[in-house]
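# Reading the structure
Here's the letter readout for the chains.
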Amino acid sequence: MAAPDSERDTVPATTEFDVVGTSPIRHDGADKVTGRAVFGPDFQSAGLLHGKMLRSPHAHARIKSIDTAKAKAAPGVYAVVTANDLPSNGGDRLVDLGIGPIRVEFLRNNILAREKVLYKGHAVAGVAAISAHAAEEALALIDIEYEALPSVMTISEAMKPDAPLLYDNLKTSGLGEASDKPSNVASRLRLSLGDAGNGFEDADVIVEREFDTSAVHQGYIEPHNCTALWNTDGRLHIWASTQGAFGARTAVAWILDLPVSQVKVTPLEIGGGFGGKTALYLDPVAALLSKQTGQPVKMVMTRQEAFEGTGPTLGSHIKVKIGATQEGAITAAQASLAYEAGGFPGSLVTIPAMSVFVAYDIPNVTIDGFDVLTNKPKTEPYRAPGATNAAFAVESVVDDIADRLGIDPIEFRLRNAAKEGTPRAESPPHALIGGVEVLEAMKHHPHYTTPLEGPNRGRGVAVGFSGSIGFHSSCTITVNADGTAALVEGSSDLSGSRTTVAMQAAEVLGIPAEDVHPSVGDTDSVGFTFLTGGSRTTFATGWAAYEAAQDVARQMIARAALIWDVNADALKLEHGVFMSTADPELRMTFKELADQIEATGETVLGRGSVNPSGAGGSFIGDIVDVEVDPETGKVDILRFTAVQDVGKAVHPGQVEGQIQGGTTQGIGWALNEEYFMTDDGRMANPTLLDYRMPTSLDLPMIDAVIVEVPNPAHPFGVRGVGEASIVPPAGAIANAIHNAVGARVGELPMKPTTVAKAIWDKSNE
């Protein structure tokens, strides 16, 4: 099909496509299933040394002294580094790894603690040795004197006026001013729309509740890792498991006080990320160790280090108040969102503040957000960061209101669903979204229309919304003589995005997806590309591939015009065939023209670099049936249906996998997963045996229903898909539990003891 010329001339997304909308085999599939794909821990190099980190045994302590002499003298040890080996200048500079600006000082101090340790597992020193064993043995020889300090482990403790402080000079910023005295609340924000006070006066029913959620881990199977070589020419080479090679390049350069051009980052295959691999932990330390030794240094975390020394997602304390009329119209909503940042500012509370009520059309809204420091690892994103917590709270209250009004829960949501033009407290009104279409699909789905029978069984529903981002992406396409194309793009591939990006190029060129050979380039090989995250890759990097393919098409049309001695304006490319609009005899396939161009010794190289807006957002709804054991509180999932508006499913098979994967993670968060912390700041379950993630044995088949409301701001109607599916499961399960046993659970995870307590409390009211 012919490709549009610009963002303003987009293809109607209702068009039937040749490639987009099919499900070809993933380009990297064979390498992944046979074990040939090279992940970070697989990387090898001549003279490779192994690095390990010494980590704090305290949740909060002052570092009085560090003596590394014995470790340096140990057999097989090549180098030892501490925070004193890191530069100290430029700490006020802000670097964005893709999750918002962070001060370089905070990044440095999280990588290697300088004056204080702020959580158990905080890295203090790094060792490079001939083997991982030798490095581990040397860690025990480093002598550190600590002065233990009081710690704060919960949001409520941290926000008390007399709480022990993580920082003596950090004051709360936000709302146009800073606090008078130091605080563990790093910042606060307020978003508003209309007048919530007046809105509540108009309400006939008001429900107000509080909710607490635990921090959870992203659950990637491959732990953090990197290899660094500070080469003899002064350039630093890094091979890493990262969601954003360019962000990592900038951060490493600034942390080590280097020009960005002196750092090259090569992203390797990633064994799961989900937001957790946007952060840096090892790279600058491996770089310093390599500089001291003159040899490449590889560092791979253990599973316990991944739990204790990297960022989980955000624990929270949430208050939600919603009012509605007797007819079922929501008049006002209010939320207080206190989210854990861990040991350094930056809980990303802005994201849940922007999403907490965004699924609904509410005329009067007030939202307060608090970024709260605790003596835990610095929190990091996890698939729609913080939105799961917020939806758990809001959807529980929405269900309570529908129940009090005697209105079907889906019907109540339909009456209040956000749609195109609905005002938002945090940004311009909604563009075209599929909220109503998703709810209608839920309402008529056999799962919802089939009665649920049996004691202690309940059905729950919930909805959620996740916004998406655009930002910069780059791509190049080289045409081969045999009519295939080599595509290089800059987005780390977390979930098959090589294929969805290649498919969009193939659609423009009119060739099979299998004839586009995609690869992920390093930071020297492709133009700047923002991180893989924010549900942006298929949207934005796919758009870059689309533009690169258009560039290819223009160049090849110009070559065809020369061959045929006609004006290029009279030629077009449709379904892989170059043809004249005036002379039907002038036709040549993509392969035929590629062969002729190659014979002339010329090369066709298409380039695409975009910074698109209009990423759109994705609306999703869940239906879940549960059975609750009233004696033990154990919850079993009997049936689960997830309905999501995906704009246009570029690869429907992968879209279903995204929906099912995110839903599974949401179920784990809802029922099992948590950072179980002791009073002294120790994580008591830092293994995959004790940190209970759901497996296929715990779940029924998740029915993924694809709804397509095309995004008019994208050439193929694409929306971000990957994040929304984790948002509503906890709320839907909470509502199902309530409908099964009559008890409202206000904590995540809703583990058996928590559910049993809620049942007990309800029976004793």
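Just above, that's the structure.
Before going into details, it helps to say that this report is about the structure given with it. (Residues numbered from 1 in each chain as written. Predicted model: local features only at pLDDT ≥ 70, side-chain atom pairs only at ≥ 80, totals over all residues. Heavy atoms only, no water.)

## Remarks on unusual backbone geometry
With glycine set apart, most residues show a phi of negative sign, and most peptide bonds adopt trans. Cis geometry marks the peptide bond from Leu748 to Pro749; its omega dihedral reads 0 degrees. Of note in the backbone geometry, Phe274 takes a positive phi value of approximately 60 degrees without being a glycine. Of note, Phe274 is situated in the loop between β15 (263-267) and α8 (283-293). The class for Phe274 is partly exposed, based on a relative accessible area of 29%. Unlike most non-glycine residues, Asn456 shows phi in positive territory, near 55 degrees. If you trace the backbone, Asn456 turns up in the loop between α14 (446-449) and β20 (457-467). (Helix = DSSP H or I, 4+ residues; strand = E, 2+ residues; numbered from the N terminus. Buried < 20%, exposed > 50% of the residue type's maximum accessible area, 1.4 Å probe, protein only.)

## A few points about the nonpolar core
By size, the foremost hydrophobic cluster in this structure holds 160 residues, and its most contacted members are Leu236, Leu256, Ile322, Phe357, Ile733 and Met750. The leading source of residues in this core is helix α11 (residues 387-405), at 11 residues. Ile322 has contacts with Phe200, Val205, Ile206, Val207, Ile330, Ala332, Ala333, Phe357, Val394, Val397, Val398 and Ile401, leaving out every residue within four places of it along the chain. Within the second largest apolar cluster, 48 residues are counted, among which are Ala505, Leu509, Ala545 and Val552. (Core = buried A, V, L, I, M, F, W, Y, C linked by side-chain atoms within 4.5 Å. Contact = heavy atoms within 4.5 Å.)

## As for the pattern of salt bridges
Per the stated rule, a full pass over the model turns up 38 salt bridges. Residue Asp28 pairs with Arg26 through a salt bridge whose shortest N-O separation is 3.0 Å. The class for Asp28 is buried, based on a relative accessible area of 6%. Note that Glu136 and Lys52 form a salt bridge whose closest N and O atoms lie 3.8 Å from each other. Here Glu136 is found in helix α4 (residues 132-139), whereas its partner Lys52 is found in strand β1 (residues 49-55), with 84 residues between them in sequence. Owing to a relative accessible area of 37%, Glu136 belongs among the partly exposed residues under this scheme. (Salt bridge = Lys/Arg side-chain N within 4 Å of Asp/Glu carboxyl O.)

## Observations concerning the side chain of Arg744
For Arg744, the position within the fold is in the loop between α19 (729-741) and β31 (747-748). Residue classification places Arg744 among the buried positions, given a relative accessible area of 17%. Here the side chain of Arg744 touches Asp400 through a polar contact of 2.8 Å, side chain to side chain. A polar side-chain atom of Arg744 sits 2.9 Å from a polar atom in the side chain of Asn735. Setting aside anything within four residues of it in sequence, one finds Arg744 in contact with Arg209, Ser396, Asp399, Asp400, Ala734, Asn735, His738 and Ala758. (Polar contact = N/O pair within 3.5 Å; in protein donor to acceptor, adjacent residues only side chain to side chain.)

## What to know about the sheet that holds strand β23 (residues 516-520)
Strands sit in the order β23-β22-β21-β27 across an open sheet of four strands; the sheet is mixed. Either end of the sheet is taken by a strand with one partner, and the two such strands are β23 and β27 (605-610). The average angle at which neighbouring strand axes cross in this sheet is 15 degrees, direction not considered. In this sheet, β23 lies alongside strand β22 (residues 485-489) in parallel orientation, the contact comprising five bridges. Counted as the bridge partner of Glu489 is Val520 from β23. (Pairing = 2+ DSSP bridges. Axes fitted to C-alpha atoms, helices over the stretch in contact; angles between N-to-C directions.)

## Looking at the packing of aromatic side chains
For the structure on display, the rule yields 16 aromatic pairs. Measuring from ring centre to ring centre gives 6.5 Å for Phe465 and Phe619, while their planes differ by 65 degrees; the resulting arrangement is edge-to-face. Of this pair, Phe465 sits in strand β20 while Phe619 is found in strand β28 (residues 617-628), placing the two residues 154 residues apart along the sequence. You can call Phe465 buried: its relative accessible area is 5%. Overall, Phe619 belongs to the buried group, its relative accessible area being 1%. Between the aromatic rings of Phe471 and Phe530, the centroid separation amounts to 4.8 Å while the plane-to-plane angle is 45 degrees, which identifies the pairing as tilted. Here Phe471, found in the loop between β20 and β21 (473-479), pairs with Phe530, found in the loop between β23 and α16 (537-564); they are 59 residues apart in sequence, far enough to count as distant. The class of Phe471 is partly exposed, set by a relative accessible area of 39%. Of the aromatic side chains, those joined through ring pairs into one cluster are Phe17, Tyr546 and Phe716. The cationic tip of Arg93 hangs over the ring face of Trp254; the distance from NZ or CZ to the ring centre is 3.7 Å. Just above the ring of Phe106 sits the side chain of Arg103; from NZ or CZ to the centre is 4.7 Å. (Phe/Tyr/Trp six-rings, centres within 6.5 Å; stacked < 30°, edge-to-face > 60°. Lys NZ or Arg CZ within 6 Å of the ring centre and 35° of its normal.)

## Focus: the packing of helix α18 (residues 652-671) against α19
Where α18 contacts α19, the two axes come as close as 8 Å, and the packing angle between them is 55 degrees. As summarised for this structure, α18 and α19 are arranged oblique, according to the angle between their axes. Once α18 is placed against α19, the crossing between them reads as right-handed. For the pair formed by α18 and α19, the contact residues are Thr663, Gly666, Ile667, Ala670 and Leu671 on the first element and Pro729, Ala730 and Ile733 on the second. Considered class by class, the residues forming the contact of α18 with α19 number six nonpolar, two polar and no charged. (Parallel < 35°, antiparallel > 145°, perpendicular 65-115°, else oblique. Left-handed = near helix turned anticlockwise from the far one by under 90°. Nonpolar A, V, L, I, M, F, W, Y, C, P; charged D, E, K, R; others polar.)

## Some remarks on a negative patch on the surface
A cluster of acidic side chains, namely Asp195, Glu201, Asp202, Asp204 and Glu327, defines a negative patch on the protein surface. Within the element layout of this structure, Asp202 appears in the loop between α6 (196-201) and β12 (205-213). (Patch = residues over 30% accessible without salt bridge, like charges linked within 9 Å, V, L, I, M, F, W, Y side chains within 5 Å. Areas by Shrake-Rupley, 256 points an atom, 1.4 Å probe, with all protein chains shown as cover. Lys, Arg positive; Asp, Glu negative; His and termini not counted. Charge placed at Lys NZ, Arg CZ, Asp CG, Glu CD.)

## Describing the environment of Ala506
Among the secondary structure elements, Ala506 is positioned in helix α15 (residues 497-509). Residue classification places Ala506 among the buried positions, given a relative accessible area of 0%. Put simply, Ala506 and His575 are 69 residues apart on the chain and 9.8 Å apart in space, counted from C-alpha to C-alpha. Once residues lying within four places of it in the same chain are set aside, the contact partners of Ala506 are Val19, Ile511, Pro512, Ala513 and Val516.

## Some remarks on the sheet that holds strand β29 (residues 635-645)
Read from one edge of the open sheet, four strands run β20-β28-β29-β30, paired in mixed fashion. The open sheet has two edge strands, β20 and β30 (702-707), and neither has a second partner. Within this sheet the neighbouring strands show an average axis-to-axis angle of 15 degrees, counted without direction. In terms of strand pairing, β20 meets β28 through 11 bridges, oriented antiparallel. Bridge pairing links Val461 to Ile623 in β28. Across the face of the sheet, α19 comes into contact with β20, β28 and β29 while running at roughly 160 degrees to β20.

## Digging into the packing of α11 against α19
Running from amino to carboxyl end, α11 crosses α19 at an angle of 35 degrees, the nearest separation of the two axes being 7 Å. Regarding α11 and α19, the two cross each other, and that crossing is right-handed. From α11, Thr388, Phe392, Glu395, Ser396, Asp399, Asp400 and Asp403 reach across to α19, where they touch Ala730, Gly731, Ala734, Asn735, His738 and Asn739. Looking at the contact of α11 with α19 residue by residue, the classes come out as three nonpolar, six polar and four charged.

## Regarding helix α17 (residues 590-599)
The set of residues buried in α17 consists of Phe590, Leu593, Ala594 and Ile597. Down the axis of α17, the smallest arc covering the buried residues is 105 degrees, so these residues share one side. Set apart from the buried face of α17 by more than 90 degrees, the exposed residues are Lys591 and Ala599. Next to the buried residues of α17 lie β21, α15, α16, β25 (577-580) and β26 (587-589). One or two steps after α17, the chain reaches Gly601, where phi turns positive at roughly 80 degrees. (Arc of directions from axis to C-beta.)

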